[in-house]
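Here are the chains, one letter per residue:
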Amino acid sequence: MSQTASTSPRHDHSRSWLARCRRTPVFYPLIGFIVVFAAMALINDNFLTSSNLFNLARQASIIAILAAGMSLAILTGGIDLSVGPVMALSGTVMAGLMVAGMPPSVAIIAGLLVGAAFGAINGAFVAFAGMPPIIVTLATMGIARGLALIYTGGYPISGLPAEFAFFGRGSLAGIEMPIIIMIAVFAIGYVLLSHTATGRYLYAIGGNEEATRLSGIRVSRYKMLVYVLSGTTAAIAGLILTSRLMSGQPNAGVGFELDAIAAVVLGGAAITGGRGMILGTLVGALLLGVLNNGLNLMGVSPYLQNVIKGCIILLAIYISRKRAP
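In this text, all values refer to a predicted model and were calculated from it rather than measured experimentally.

Undergrad: What am I meant to see in the overall build of the protein here?
TA: When helices and strands are tallied, the protein shows 14 helices and two strands. For the protein, the C-alpha radius of gyration of 21 Å lies close to 20 Å, the compact-globule estimate for 325 residues. Seen along its three principal axes, the alpha-carbon backbone of the protein occupies a region of about 80 × 55 × 40 Å. Here the protein, with 325 residues, has 47% of them falling under the buried criterion. Sequence separation of 24 or more characterises 78% of the internal contacts of the protein that already satisfy a separation of 6 or more. Within the structure as shown, the protein displays about 15400 Å² of accessible surface, and the carbon and sulfur contribution to it stands at 68%. Taken as two groups, the 19 positive and 9 negative side-chain charges of the protein have centres that lie 9 Å from each other.

Undergrad: Before we go on, may I ask you to explain the packing of aromatic side chains in this structure?
TA: Ring pairs (aromatic) are described by centroid distance and by the angle formed between their planes. Evaluation of the coordinates by the stated rule reveals five aromatic pairs. Aromatic pair F33 and F37: ring centres 5.8 Å apart, planes at 40 degrees, arrangement tilted. With F33 and F37 both in helix 2 (residues 27-43) and four residues apart, the pair spans about one turn of that helix. For F37, a relative accessible area of 25% corresponds to the partly exposed category.

Undergrad: Is there a simple way to think about the environment of G111 in this case?
TA: Within the secondary structure, G111 sits in helix 5 (residues 104-128). Distance in space between the C-alpha atoms of G111 and M94 is 5.2 Å, their sequence separation being 17 residues. Apart from the residues within four sequence positions on either side, G111 is in contact with S90, M94 and A235.

Undergrad: How do you make sense of unusual backbone geometry when you look at a structure like this?
TA: Both trends apply: most residues other than glycine have a negative phi, and most peptide bonds are in trans. Phi is positive for A173, close to 55 degrees, though the residue is something other than glycine. By relative accessible area, A173 is classed as exposed at 83%. Residues other than glycine seldom take positive phi values, yet M246 does so here, at roughly 55 degrees. Tracing the chain through its elements places M246 in the loop between helix 11 (219-245) and helix 12 (256-266).

Undergrad: So what exactly am I meant to see when it comes to the pattern of salt bridges here?
TA: For the structure shown, the criterion picks out four salt bridges. Put simply, K223 and E209 hold a salt bridge, and the shortest N to O gap is 3.0 Å. Residue K223 is found in helix 11, and its partner E209 is found in helix 10 (residues 209-214); the two are separated by 14 residues along the sequence. We classify E209 as partly exposed; its relative accessible area is 26%. Among the charged side chains, a salt-bridge network with shared partners connects E209, E210, R213 and K223.

Undergrad: I tried to follow the packing of helix 3 (residues 50-75) against helix 12 on my own but got confused; where do I start?
TA: When two helices pack together, their arrangement is given by the angle between their axes and by how far apart the axes lie. Running from amino to carboxyl end, helix 3 crosses helix 12 at an angle of 65 degrees, the nearest separation of the two axes being 8 Å. If you check the angle between helix 3 and helix 12, you find them roughly perpendicular. With respect to the hand of their crossing, helix 3 and helix 12 are arranged in right-handed fashion. Between helix 3 and helix 12, the residues in contact are I62, I63, L66, A67, M70, S71 and I74 and F256, E257, D259, A260, I261, A263 and V264, respectively. For the contact of helix 3 with helix 12, the residue count by class is 11 nonpolar, one polar and two charged.

Undergrad: I tried to follow the side chain of N122 on my own but got confused; where do I start?
TA: Relative to the helices and strands, N122 resides in helix 5. Judged by its relative accessible area of 1%, N122 falls in the buried class. Within the local environment of N122, its side chain forms a polar contact with the side chain of T140, the two groups lying 2.7 Å apart. If we ignore the near neighbours within four places in the chain, the residues touching N122 are D80, S82, V136, T137, T140 and Y227.

Definitions and limits used
- Starting from 1, residues in each chain are numbered consecutively following that chain's sequence as written.
- Whole-chain, interface and lining totals are the exception, using all residues; otherwise, since this is a predicted model, local features are given only for residues with pLDDT of at least 70 and side-chain atom pairs are given and counted only at 80 or more.
- To get the side-chain values, all heavy atoms of the structure are used, and hydrogens and water are removed first.
- Strands are runs of DSSP state E lasting at least 2 residues, helices are runs of H or I lasting at least 4, and numbering of each runs from the N terminus.
- In this description the radius of gyration comes from C-alpha coordinates, and the expected globular size is given by 2.2 Å times residues to the power 0.38.
- Whether a residue is buried, partly exposed or exposed follows from its accessible area with a 1.4 Å probe, protein chains only, as a fraction of its type maximum: under 20%, in between, or over 50%, in that order.
- Throughout, a contact is declared for two residues whenever any of their heavy atoms are within 4.5 Å.
- Note that accessible areas follow from Shrake-Rupley with a 1.4 Å probe, and for residues the cover is restricted to the protein chains shown.
- Charge assignment in this entry is limited to Lys and Arg as positive and Asp and Glu as negative, and neither His nor the chain termini are counted.
- A charge is said to be at NZ when it belongs to Lys, at CZ for Arg, at CG for Asp and at CD for Glu.
- Pairing of aromatic rings covers Phe, Tyr and the six-membered ring of Trp, with a centre-to-centre limit of 6.5 Å; geometry is then stacked below 30 degrees between planes, edge-to-face above 60, and tilted otherwise.
- Any carboxyl oxygen of Asp or Glu that lies within 4 Å of a side-chain nitrogen of Lys or Arg is treated as forming a salt bridge with it.
- The axes are straight lines fitted to the C-alpha atoms, using for helices just the contacting stretch, and the angles between their N-to-C directions are given from 0 to 180°.
- Our angle categories are set so that under 35 degrees counts as roughly parallel, over 145 as roughly antiparallel, 65 to 115 as roughly perpendicular, and the remainder as oblique.
- In a left-handed crossing the near helix is turned counterclockwise from the far helix by less than a right angle, and in a right-handed crossing that turn is clockwise.
- Charged means Asp, Glu, Lys or Arg here, nonpolar means Ala, Val, Leu, Ile, Met, Phe, Trp, Tyr, Cys or Pro, and polar covers whatever is left, Gly included.
- Any pair of N or O atoms that falls within 3.5 Å is considered a polar contact. Within protein, one atom must be able to donate a hydrogen and the other to accept it, and sequence-neighbouring residues count only if both atoms are side-chain atoms.

This is the structure we're talking about:
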């Protein structure tokens, strides 16, 4: 009897801890990531090799960085369909300026400013003109892609200085730079959402925008900030891709906005806004990366991969809606 009494509180504590974990948006994505990771490791012997795991993380870094900015937009009940073309435009601007003789540091700053400027345009139309985010960013998606093609004449820009390769191919302490940049972006995102008043306001806007406005919070200012950050992260992704390829590709990032949205949804965020975690987005991006990598190792057709990923995304949205309060 005494043994039962002594173990019961411990058992109750474990159950309450598990219940709290299950209520967090990142719980189910993390379980899904572990299951898919284990399945790929069992199916293919080459999956767990160090070279493949580093390759997986490097490939996932670009989508993850795009998804970090996308998660802010979705958290407020919006969306940013322009991130892929903005990534391409920022990368080609960096490449073009370096070929013209600009130092890499100046070219990188210019490319980041291009991304932030497109984010500001999106934010102005969404926050101050009251236009639907999906319409605004659909329009700027076409504008950014068209400007990238006009700027380059439709051809890649090559002949970049050798030192620029550091951001896409270099490493620090044995860790490749794309992975380091990805970690830095998500660390900043985590602090912003979890430890600042701005983060609390973004959740509030996504939960009930009108109530947030009536409470005295300047909603338009924070919406503008969200899209500027989304454009900036797109430019950071463009920096990594351009550096890795050592050329500015005007057609880069086609369909990447869909992968970024998928990563956010797979990470447990509510597509309607107000719920989600930046760490969940990272898990979602890595889950997508594991899925892509494992299916490629298995020799699965890219067409079938799209079908599989689409089904998984639909399932994730369904689970998200079922768990919504």
